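# Remarks on the overall topology
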Amino acid sequence: MPNSLSSSAQRQIDHSLAARFAATRALMLSLVEPLSDADATIQSMEDASPAKWHLAHTTWFWETFLLREHGRCYRLFNDDWPFLFNSYYEAEGARISRFSRGMLSRPTLDDVIEWRVHVDAAMEPLLNDPDLFDLIALGIAHEQQHIELLLTDIKHALFQNPFGPAMWSEKIACAPAAGQIDWHQHPGGIALIGDDENGFAFDNEGPRHRVLLEPFALADRLVTVGEWQDFIADGGYETASLWLSDGLAWVRENTVQAPLYWRENEHFTHAGWKTRDSNAPVTHISFFEADAFATWAGARLPTEFEWEAIARGQDGEGAAQAHDANKGHQLDRASSVLPKGGKHLFGDCWQFTRSAYLPYPGFKPATGAVGEYNGKFMSGQCVLKGASCATVRGHSRASYRNFFYPHQRWQFTGLRLAQDI
């Protein structure tokens, strides 16, 4: 943060950062209130982590990158826990294998919560240090990412239970009628893409650079459950000509016939098994499925640059001042989450693009361990844009680049069609 700010502006920033830190930490903790220690310990697959591990890993982040280096006379809460709760930071040394996270019956959920309280108290003096603002902002964004992962991972874990237990017992409102697709048209030309340096951004969002776009159109809404059911009824999963080669092999090897969490006319949610709503956006699909559907629909997936060119200015602080319809359905409180639909570009589902997750021209990872955050994963993954119903509101922006492997679909992933004009 520049030191030339007025004292009143500086106090406002201090308050905002401290408030976001407290709100983010409290939100993650509130998400595990419905869970038993056993619920919070199980790990359903290697891509997912236990809820308890997410609580602990985010706490490890604050202890490792803030308190250990900058906390006055701070000592680790437990010297053995960094080995358990480091994720992938090679610079931080050895750690347990990823799929072993679900074997950690100890420390208990209560132990981890006690650690969180301890770290929160120790962090208070650091929240007013201007030299640490950037690192604290990164830590908040990191924890917000894990809030979404906690929600999607526990959903996958509870799905393994044949009784389909619910985290929250609440009625899910019907989505509004989707209506016909209208199109955002763009004339093409040179577009500036990437972080505009007006606020926090991850390193993979820059540097800002020029991209040449051909004329295109982007759908004004996401593809719906009802449209996906038409795709299935038309033999979409069996029509080889619709699929990329790797996608067809994945479908056949895994006997994929529908989006994840579907059975008959129901789907599994955080509120248990519910009847599917044909007007709601379809979610929990892979890149392979999204691409096949787009081909079936006579359209295509947008590039990440096309999506960002349309979305610029309709997110973040700008959207906060706009009509509610522009904000999108995102996470505001601890409750059951599910896409609802609407005309907004942000929220409901992360949207697959046809763009590979690669570095922008001039990209350089940050120095030190935090430089491992994004850059080393730029291989074989797809870029997704927008935000989902499980994304903490305010976390995403037009330049944000989410990324997953093409077969993964346990996140709230969906699609928005594009076409050439």
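To be clear, the structure that these remarks concern was listed above.
Model, not experiment: these values are computed from the prediction. (Residues numbered from 1 in each chain as written. Predicted model: local features only at pLDDT ≥ 70, side-chain atom pairs only at ≥ 80, totals over all residues. Heavy atoms only, no water.)

## Comments concerning the packing of aromatic side chains
We apply this condition: Ring geometry is summarised as follows: Phe, Tyr and Trp rings, the Trp one being its six-membered ring, pair when their centres sit within 6.5 Å, and such pairs are stacked at plane angles under 30 degrees, edge-to-face over 60 and tilted between the two. Put simply, DSSP marks the helices as runs of H or I at least four residues long and the strands as runs of E at least two long, and each gets a number from the N terminus on. Note on classification: 1.4 Å probe, protein chains only; a residue is buried when its accessible area is under 20% of the maximum for its type, exposed when over 50%, partly exposed between these limits. As a reminder, the over-ring test applies to NZ of lysine and CZ of arginine, requiring each to be within 6 Å of the ring centre and within 35 degrees of the ring normal.
For the coordinates displayed, the defined rule picks out 33 aromatic pairs. Ring geometry for F159 versus F268: centroids 5.8 Å apart, planes at 45 degrees, classification tilted. Of this pair, F159 sits in helix α6 (residues 133–159) while F268 sits in strand β6 (residues 266–269); the two residues are 109 residues apart in sequence, bridging distant segments of the chain. The exposure class assigned to F159 is partly exposed, which follows from its relative accessible area of 26%. Taken together, the ring pairs in this structure connect F21, W60, F61, W62, F65 and Y89 into an aromatic cluster. Sitting over the face of the ring of W262, R276 holds its NZ or CZ atom 3.8 Å from the ring centroid. Lying over the aromatic face of Y360, R401 brings its terminal NZ or CZ to 4.0 Å of the ring centre.

## Quick notes on the nonpolar core
This is how the line gets drawn: What is meant by a nonpolar core is a set of buried Ala, Val, Leu, Ile, Met, Phe, Trp, Tyr and Cys residues, joined one to another through side-chain atoms within 4.5 Å. Contact criterion: two residues are considered in contact whenever any of their non-hydrogen atoms come within 4.5 Å of each other.
If you look at the biggest cluster of nonpolar residues, it comprises 92 residues, and the most contacted ones within it are F85, M123, I136, W228, W243 and L415. A per-element tally of this core places α6 first, with twelve residues. Filtering out sequence-adjacent residues up to four positions away, I136 remains in contact with L17, W62, L66, M123, L126 and L127. If you look at the next biggest cluster of nonpolar residues, it comprises 15 residues, including L218, W307, Y360 and A398.

## Description of the sheet that holds strand β4 (residues 216–219)
Formally: Strand pairing is defined by DSSP finding a minimum of two bridges between the two strands. Between the N-to-C directions of two axes lies an angle of 0 to 180 degrees, each axis being a line fitted to C-alpha atoms and, for a helix, fitted only over the stretch in contact.
With respect to topology, three strands assemble into an open sheet ordered β1-β4-β12, the strand pairing being antiparallel. The open sheet terminates on both sides in strands that have one partner only, identified here as β1 (183–186) and β12 (418–420). With strand direction ignored, the average angle separating the axes of adjacent strands in the sheet is 20 degrees.

## Here we look at the packing of helix α3 (residues 51–70) against α6
Using the following cut-off: What sets the label is the angle itself: under 35 degrees gives roughly parallel, over 145 gives roughly antiparallel, 65 to 115 gives roughly perpendicular, and the rest give oblique. Under this grouping Gly is polar, as are all residues other than the nonpolar Ala, Val, Leu, Ile, Met, Phe, Trp, Tyr, Cys and Pro and the charged Asp, Glu, Lys and Arg.
Interaxial distance between α3 and α6 falls to 9 Å at its minimum, and their mutual angle equals 170 degrees. Regarding the angle of α3 to α6, the classification is roughly antiparallel. Contacts between α3 and α6 pair A51, W53, H54, H57, T58, F61, W62, F65, L66 and H70 from the former with L135, I136, L138, G139, I140, H142, E143, H146, L149, L150 and D153 from the latter. Broken down by class, the residue content of the contact of α3 with α6 amounts to twelve nonpolar, seven polar and two charged.

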